[in-house]
Amino acid sequence: MKAEAMPSDIGAIRAPSLICLGLSAFDLTWVVDRLLPGGKARAGEHHEGGGGMAANAAVAAARLGASVRFWGRAGDDLAGRAMRQELADLGVDVSDFRLFEHARSSVSGILVDAEGERTIVNFRGEGLPDDAAWLPLRHVAGSDAVLADPRWPDGACALFARARELGVPSVLDGDVADAAIFDRLLPLTDFAVFSEPGLAGYAAGMDDVGARLAYARRRGCRVAAVTLGARGMAWDAGEGTRHMPARKVRPVDTTGAGDVFHGALAYGLALRWPMEDAFRFSAAAAACKCLHRGGRSGAPDLQTAWTFLHRSEE
C-alpha cells in the first residue's frame with residue numbers, strides 16, 4: 001500500500017489494528033550491581049510478570065494506542081494464567097491466547113546490572129502443540145499490520161501467508177532461531193528486523209553487517225534490518241545498507257527494548273508511515289523504554305514517544 005506522510009499533529013493519528021503472534025513468557029527479574037561469571041550476588045530489586053517477544057510487542061503497541069490481538073500458546077498452569085490475565089489487564093485482546101492442559105509455559109530468569117545490561121535464561125515451555133489450524137485468520141482482513149516472532153513457526157507462517165495474500169504488512173522479530181525457521185518465514189515477511197545475535201547466527205560466516213543483511217534479503221524478505229543497541233540500527237531495502245544512529249539515553253534497563261522497537265514499528269507501518277519515519281519512531285519508543293526497569297513497564301504511551309522523537313531531533 002502507498003505510504004502516508006507521518007502527521008505533524010499527534011491528534012491526527014488514528015488507532016490502528018494489529019495482530020501479534022508468538023512467545024509469551026513469565027519473567028523473573030533480579031537487579032544486581034554487576035553481572036558475575038560465578039559465585040553469588042545480592043539483588044537490590046526483584047520483579048515478576050509477563051514477558052516474551054511478541055507479547056511485549058503487543059503491550060507496546062497497545063500502550064501507543066493500537067487495538068491489539070495476541071495469538072499465542074501457553075500451559076494451563078500458574079504462569080500461563082498469570083500471563084493471560086496481565087495481557088488482558090494491559091488492554092490486549094487475549095481471546096485467542098490459548099492455554100493447553102498438561103503443557104508447561106515458557107519462563108525466563110533475567111539478571112540486570114547497574115548499567116542496564118541484562119542476561120536472560122529462557123525455558124521455552126513444553127507440550128505446546130505446533131498445529132495452527134485453530135487460528136482465526138479471518139481477522140487478518142481487518143488488521144492494519146501483523147507481527148510474529150520465530151518461536152511458533154507454524155503459527156507465524158499461517159499468519160504471514162494470509163497477510164501477504166491480503167496486502168497487510170508483516171514484521172518479523174528476528175531473534176536467535178534455527179536457520180531453517182528463518183528460511184520458512186522470510187519469503188512471507190515484509191520487514192524482518194533481527195537482533196544482532198539473531199542475524200549473526202543466521203548469516204553465519206559473514207563478518208560484515210551489510211553482507212548479513214543482503215543475505216537475509218536474498219532469502220525472501222522485502223526489507224532486512226538489524227538493531228545494534230547503542231550503535232543504532234542498519235537495514236537493506238534493496239538499495240544497499242543504510243544506517244541510523246541510536247537515540248542517546250542513559251539506560252536503566254535494556255530488557256524488552258527490542259520488543260518495544262518491533263511493536264512500535266508494526267504500529268508505524270500499520271499507519272502507512274514511510275519506512276524511515278517508522279524506524280525513527282520505533283527507535284525513539286525503544287529509547288524511552290530503556291529509561292525504566294522491566295520489559296513492559298517502560299513501554300511509552302504515544303505522547304511520551306512522540307515528544308521524545310521530536311525533542312531528540314531538534
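Our subject is the structure that appears above.
Now for a look at the structure at hand. (Residues numbered from 1 in each chain as written. Predicted model: local features only at pLDDT ≥ 70, side-chain atom pairs only at ≥ 80, totals over all residues. Heavy atoms only, no water.)

Moving on, we come to the overall build of the chain. The helix and strand tally for the chain stands at 9 helices and 13 strands. What you see for the chain is a C-alpha radius of gyration of 18 Å, in line with the 20 Å of a compact globule of 314 residues. Considering only C-alpha atoms, the chain reaches an extent of 50 × 45 × 45 Å along its principal axes. For the chain, buried positions account for 54% of its 314 residues. Sequence separation of at least 24 residues holds for 65% of the intrachain contacts in the chain that already meet a minimum separation of 6. Seen as two clouds, the 35 positive and the 40 negative side-chain charges of the chain have centres 1 Å apart. (Helix = DSSP H or I, 4+ residues; strand = E, 2+ residues; numbered from the N terminus. Rg over C-alpha atoms; globule rule 2.2 N^0.38 Å. Buried < 20%, exposed > 50% of the residue type's maximum accessible area, 1.4 Å probe, protein only. Contact = heavy atoms within 4.5 Å. Lys, Arg positive; Asp, Glu negative; His and termini not counted. Charge placed at Lys NZ, Arg CZ, Asp CG, Glu CD.)

Taken together, the 9 strands give an open sheet; going across it, the order is S5-S4-S1-S8-S9-S10-S11-S12-S13, and neighbouring strands pair in mixed fashion. In this open sheet, the two edge strands, each paired with only one partner strand, are strand S5 (97-100) and strand S13 (241-244). The average undirected angle you get between the axes of adjacent strands in this sheet is 15°. Pairing of strand S1 (residues 17-22) with strand S4 (residues 67-75) involves 6 bridges; the strand directions are parallel. (Pairing = 2+ DSSP bridges. Axes fitted to C-alpha atoms, helices over the stretch in contact; angles between N-to-C directions.)

What follows deals with the environment of lysine 289. Mapped onto the elements, lysine 289 comes out in helix H8 (residues 275-289). For lysine 289, a relative accessible area of 0% corresponds to the buried category. It is 7.7 Å that separates the C-alpha atoms of lysine 289 and glycine 256, two residues lying 33 residues apart in sequence.

With that settled, consider the pairing of strand S10 (residues 191-195). Within S10, 5 of the 5 residues are buried, which leaves it mostly tucked inside the rest of the structure. With burial as the criterion, each face of S10 is covered, one bearing Phe191, Val193 and Ser195 and the other bearing Ala192 and Phe194. In this sheet, S10 lies alongside strand S9 (residues 170-174) in parallel orientation, the contact comprising 4 bridges. If you follow valine 171 over to S10, its bridge partner there is phenylalanine 191. With respect to chirality, the unit in which S9 leads through helix H4 (residues 179-185) into the neighbouring parallel S10 is right-handed. Where S10 and strand S11 (residues 223-227) come together, 5 bridges link them in parallel fashion. Counted as the bridge partner of phenylalanine 194 is valine 226 from S11. (Right-handed = clockwise from strand over helix to strand, strands pointing away.)

Looking now at the state of the cysteines. With the rule as written, the count across this model stands at 0 disulfides. No disulfide involves cysteine 157; its sulfur sits 14 Å from that of cysteine 221, the nearest cysteine. Here cysteine 157 falls in the buried class, since its relative accessible area comes to 12%. (Disulfide = S-S within 2.5 Å.)

Let us look at the packing of helix H1 (residues 53-64) against helix H7 (residues 257-270). In contact at an axis separation of 7 Å, H1 and H7 are set at 55° when each is read in the N-to-C sense. As the angle between them shows, H1 and H7 are arranged oblique. Classified by chirality, the crossing of H7 by H1 is right-handed. In contact with Met53, Asn56, Ala57, Ala60, Ala61 and Leu64 of H1, H7 contributes Asp259, Val260, Gly263, Ala264 and Tyr267. Partitioned by chemical class, the residues of the contact of H1 with H7 number 8 nonpolar, 2 polar and 1 charged. (Parallel < 35°, antiparallel > 145°, perpendicular 65-115°, else oblique. Left-handed = near helix turned anticlockwise from the far one by under 90°. Nonpolar A, V, L, I, M, F, W, Y, C, P; charged D, E, K, R; others polar.)

This part is about the side chain of aspartate 190. Looking at the element boundaries, aspartate 190 is found in the loop between H4 and S10. For aspartate 190, a relative accessible area of 7% corresponds to the buried category. Here arginine 164 takes part through its side chain, which lies 3.2 Å from a polar atom of the side chain of aspartate 190. A distance of 2.9 Å separates polar atoms of two side chains, one belonging to aspartate 190 and the other to arginine 222. With residues near it in sequence (within four places) discarded, aspartate 190 still touches Arg164, Val168, Pro169, Ser170, Cys221, Arg222 and Val223. (Polar contact = N/O pair within 3.5 Å; in protein donor to acceptor, adjacent residues only side chain to side chain.)

With that out of the way, let us pick up unusual backbone geometry. If you check the backbone angles, histidine 102 has positive phi at about 70° while not being a glycine. Here histidine 102 shows up in the loop between S5 and strand S6 (106-112). On the basis of relative accessible area, histidine 102 is assigned to the exposed category, the value being 75%. Even without being a glycine, arginine 272 presents a positive backbone phi close to 65°.

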